[in-house]
Amino acid sequence: MSLNYDLPEDANMIRDSIRDFAENVIKPQARELDAKEKFSPEITKQMGELGLFGFAVPGEYGGNGFGYLPYMVAVEELARIDSSQAATVAAHNSLGIGPIYYFGNEEQKKKYLPPLCSGEKVWGFGLTEPDAGSDAGGTKTNAVKDGNEWVINGAKMFITNASTEYSLGSTVQAVTGKRPDGKKEYSCFLVERGTKGFETKTMHEKMVWRASITSELFFDDCRVPEESILGKQGEGFRQMLTTLDRGRLSIAAMGLGCAQGAFEMAVKYAKERKQFGKSISTFQINAFKLADMDTEIECARNLLYKAAWLCDQGRDYQKHASMAKLYCAEVAHRCVNHAVQLHGGYGLMKEYDVERFYRDQKILEIGEGTSEICRLVISRCIGCYDV
Amino acid sequence: MNIYVCMKQVPDTEASLTVKDGKSINEENIKWVINPYDEYAIEEALKLKEKEPGSAVTVVTLGPARSESSIRTGLAMGAEHAVHIETDEYIHHKATAKALANAIKQDENYGVIFLGKQAIDEDSYQTHILLADYLGIPAATNITAFSFEGDKVIVEREIDEGAKEKIEMTVPCIVGATKGLNEPRYASLMGIMKAKKIPIKKLTLKELGIEDASIGIKPLKLYAPPEKPPGRIIEGELEDSVKELVRLLKEEAKVL
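Residues numbered from 1 in each chain as written. Chains lettered and ligands numbered in written order. Predicted model: local features only at pLDDT ≥ 70, side-chain atom pairs only at ≥ 80, totals over all residues. Heavy atoms only, no water.

Engineer: Tell me about the interface of chain A and chain B, and name the residues and values.
Structural biologist: Opposite the 19 residues of chain A that make contact, chain B presents 13 residues. Contact between chain A and chain B buries roughly 1300 Å² in total, counting both sides, with carbon and sulfur atoms accounting for 72%. Sorting the residues of chain A by area buried against chain B places Met 13, Leu 50 and Phe 66 of chain A first, and these three jointly supply 39% of that buried surface. Applying the counting criterion to the chain A and chain B interface returns 1 salt bridge. A salt bridge links Asp 10 of chain A to Lys 196 of chain B; the shortest N-O distance between them is 2.8 Å. Where chain A packs against chain B, one counts 3 residue pairs in polar contact (both at pLDDT 80 or more). For the side of chain A that touches chain B, the elements supplying multiple residues, two or more each, are helix H1 (9–36) and helix H2 (41–50) of chain A. With 11 residues, H1 of chain A is the single largest residue contributor to the side of chain A that touches chain B. The residue inventory of the side of chain A that touches chain B, partitioned by class, reads 9 nonpolar, 5 polar and 5 charged. (Contact = heavy atoms within 4.5 Å. Buried area = accessible area lost by both parts, 1.4 Å probe. Salt bridge = Lys/Arg side-chain N within 4 Å of Asp/Glu carboxyl O. Polar contact = N/O pair within 3.5 Å; in protein donor to acceptor, adjacent residues only side chain to side chain. Helix = DSSP H or I, 4+ residues; strand = E, 2+ residues; numbered from the N terminus. Nonpolar A, V, L, I, M, F, W, Y, C, P; charged D, E, K, R; others polar.)

Engineer: Requested: an account of the environment of Arg 380 of chain A, with residues and values cited.
Structural biologist: Residue and element names in this part refer to chain A. Residue position: Arg 380 is located in helix H10 (residues 371–382). C-alpha of Arg 380 to C-alpha of Lys 319: the two residues are 61 residues apart in sequence and 9.0 Å apart in space. When residues no more than four places from it in sequence are discounted, the contact partners of Arg 380 are Tyr 385 and Asp 386.

Engineer: Help me get a handle on the nonpolar core, residues and values and all.
Structural biologist: Membership of the largest hydrophobic core comes to 130 residues, with the highest contact counts inside it found for Met 47, Leu 52, Leu 249, Met 254 and Leu 304 of chain A together with Phe 114 and Phe 146 of chain B. With 14 residues, helix H6 (residues 236–272) of chain A is the largest single contributor of residues to this core. Non-local contacts of Leu 304 of chain A, meaning those with residues more than four positions away in its chain, are made with Met 72, Leu 249, Ala 252, Ala 253, Leu 256, Ala 324 and Cys 328 of chain A. Counting residues in hydrophobic clusters, the runner-up holds 28 residues, among them Tyr 4, Cys 6, Leu 100 and Ile 104 of chain B. (Core = buried A, V, L, I, M, F, W, Y, C linked by side-chain atoms within 4.5 Å. Buried < 20%, exposed > 50% of the residue type's maximum accessible area, 1.4 Å probe, protein only.)

Engineer: Which residues make up a negative patch on the surface, and what values go with them?
Structural biologist: The grouping of Asp 88, Glu 89, Glu 211 and Asp 212 of chain B at the surface amounts to a negative patch. Inspection of the secondary structure puts Glu 89 of chain B in the loop between strand S5 (81–86) and helix H3 (93–105). (Patch = residues over 30% accessible without salt bridge, like charges linked within 9 Å, V, L, I, M, F, W, Y side chains within 5 Å. Areas by Shrake-Rupley, 256 points an atom, 1.4 Å probe, with all protein chains shown as cover. Lys, Arg positive; Asp, Glu negative; His and termini not counted. Charge placed at Lys NZ, Arg CZ, Asp CG, Glu CD.)

Engineer: Can you tell me about the pattern of salt bridges, naming the residues and giving the values?
Structural biologist: Enumeration over the complete set of coordinates arrives at 46 salt bridges over all chains. A salt bridge links Arg 247 of chain B to Glu 251 of chain B; its shortest N-O distance comes to 2.9 Å. Of this pair, Arg 247 of chain B and Glu 251 of chain B are both found in helix H6 (residues 238–251), 4 residues apart, which corresponds to roughly one turn of the helix. Several salt bridges converge on common partners, so that one network encompasses Asp 34, Glu 37, Arg 210, Lys 350, Glu 355 and Arg 359 of chain A.

Engineer: Describe the domain arrangement of chain A, naming the residues involved and giving the relevant values.
Structural biologist: Residue and element names in this part refer to chain A. In terms of domains, chain A is made up of domain 1 (9–121), domain 2 (124–233) and domain 3 (238–381). Computed from C-alpha atoms alone, the centre-to-centre distance between domain 2 and domain 3 is 31 Å. Taken residue by residue, the interface counts 14 residues in domain 2 and 13 residues in domain 3. Counting the surface lost from both domain 2 and domain 3, the interface buries some 1100 Å², and carbon and sulfur atoms represent 73% of this. For domain 2, the biggest contributors to the area lost against domain 3 are Phe 125, Met 207 and Trp 209; these three give 51% of the whole. Connecting domain 2 to domain 3 are 0 salt bridges. Between domain 2 and domain 3 we count 3 residue pairs in polar contact (both at pLDDT 80 or more) in total. For the side of domain 2 that touches domain 3, the secondary-structure elements that each account for two or more residues are strand S1 (122–126) and strand S4 (167–178). The residue inventory of the side of domain 2 that touches domain 3, partitioned by class, reads 7 nonpolar, 5 polar and 2 charged. (Domains from an automatic or database assignment.)

Engineer: Tell me what's going on with the confidence of the model for chain B, and back it up with residues and numbers.
Structural biologist: The predicted model of chain B has a mean per-residue pLDDT of 92, with 100% of residues at 70 or higher. Reported confidence for the predicted complex is 0.82 by ipTM and 0.88 by pTM. (pLDDT = per-residue confidence, 0-100.)

Engineer: Tell me about the domain arrangement of chain B, residues and numbers included.
Structural biologist: Domain boundaries in chain B define domain 1 (2–203) and domain 2 (227–256). Summarising the inter-unit geometry, the C-alpha centres of domain 1 of chain B and domain 2 of chain B are found 46 Å apart.

Engineer: Requested: an account of H6 of chain A, with residues and values cited.
Structural biologist: Because each turn of an α-helix spans 3.6 residues, side chains separated by three or four positions end up pointing in the same direction. For H6 of chain A, with 37 residues, the first-to-last C-alpha span of 53 Å sits near the 54 Å given by 1.5 Å per residue. With 27 of its 37 residues buried, H6 of chain A lies for the most part within the structure. (Expected span 1.5 Å × (residues − 1).)

Engineer: Before we move on, can you summarise the side chain of Glu 129 of chain A with the specific residues and values?
Structural biologist: Residues and elements named next belong to chain A. Mapping Glu 129 onto the fold places it in the loop between S1 and strand S2 (142–146). In this structure the side chain of Glu 129 is engaged in a polar contact, spanning 2.9 Å, whose partner is the side chain of Lys 156. Discounting residues that sit within four places of it in the chain, Glu 129 has contacts with Gly 138, Thr 139, Lys 140, Thr 141, Ala 155, Lys 156, Met 157 and Gln 173.

What follows is the structure, given as structure tokens:
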């Protein structure tokens, strides 16, 4: 009877390779891309060549079929260096490629997945609206059937990867009628960029993920053929929820990597920085902060890997995905906070990467299910409200 | 062409090494990586393979069982075959070269053999030259440019003070790679998945006819550099302190 905490050898090899790539290719550019709020198609393409897109997708559609555990390791290693690039990979895999692979028909998969898995193109996931955030049921975007076409009207915002020339299109959730029980019926559509009536706009002046694309989508009598529907009419809400459950794993991996990166910077700086004649890491108040960070990161990593393992085993992982997302994001919050504190005044300057980590962390408690929504999911799984 | 790369696993350049028993280093908690100069060798071998249809790259490594992780990385980068001469014995460069030569000779059709110009752990800088000697083929080292034209190899080697020498070699031959030759690729996830399934051919020193791993060379002692004395701050007025600094540099440090 024994428990094995060693990752498989190939997962370790993936970690080594992605770590080298992140340190040698991404790190030298990260600060400038952040300052200029610039997306890098070159890095995205290189990440595609490394095989960072299509973890769940088999080779016949251009993916690598590796599964969720290696995916977590890869995102973790990217986020250890730069959240923006990790965000591009996490969003594109979980939200861009995911819905098409899991719910698309053969034709849709054959058409869209190869260019998305190679990293040449990216794909958005249009769920959030100006008035519909945590309450996705408040979606106003609607689609009306007209002959062999659907006519979409409405707007989406905070959509990653949807608005540059490298964006092939977006999955869009819209109200398509009323269910027999009186509730709204939702369906998802695959809408290509360039479709008449579909405009996209890149959102600027962001605090976080400044080198990744965040977009607004506008639909004005946008007509798409009947075949653009994802899965069946009325399946939209379930498709979105399932996608978010999986997406939470990758955001958790971003939190873990962000925390790890901040921790390493904090240890290095605290040992080098001398005040009162000695390294500030030897002051117990700082040493204990670092001890807490290391302990929490270890817990976060074990929780996330377990959630990913459950997912790879085909077992129920919804609760663990929410736990991992919640915990990793909050550990990242505490770690970047301690890391900046340890850096003192220097931690407030862009010359130190920890400044960027401090900003980039915040979205992890908001995107793909706020910490509050994660707690709601977990408390529902516990059965708190079934009384 | 059957292209070969001789690759060594070494401690990561960032690992802090300590001497164990006066003869070897503590191996605990060391991260092991492919010798950086051998990475240039692998990359150049893969580039040659991609240019020459029908070619294949074989990675040959001599070392203990842990070397297998580096062999897998070489395969993940794109090599087709691997040979692991497995030994836990401390083995010097001369015996290493002989073992590598005997392993490569098992293939009658070997072509260009790439190696890093040196391994960063022991810096003996000899393995590729000795290998050339055992195989009786030409070798060139410190290579910063490589091309294969017709049946000849043309290489540029860096010599003193940045000067370059361009030379031509017949094939088979040995190329000692250095920094600047190329940018080694990263192992892709597809490569890692493929590498998992490639069988590694295992050989022993005995099978390669190496009975005496020292071949006339015996290491006597391994020791860490002496600890540096702490720095000194010369205090006082600027003019006086500069004079004092110059005096110390002349009289104590004897560098002026």
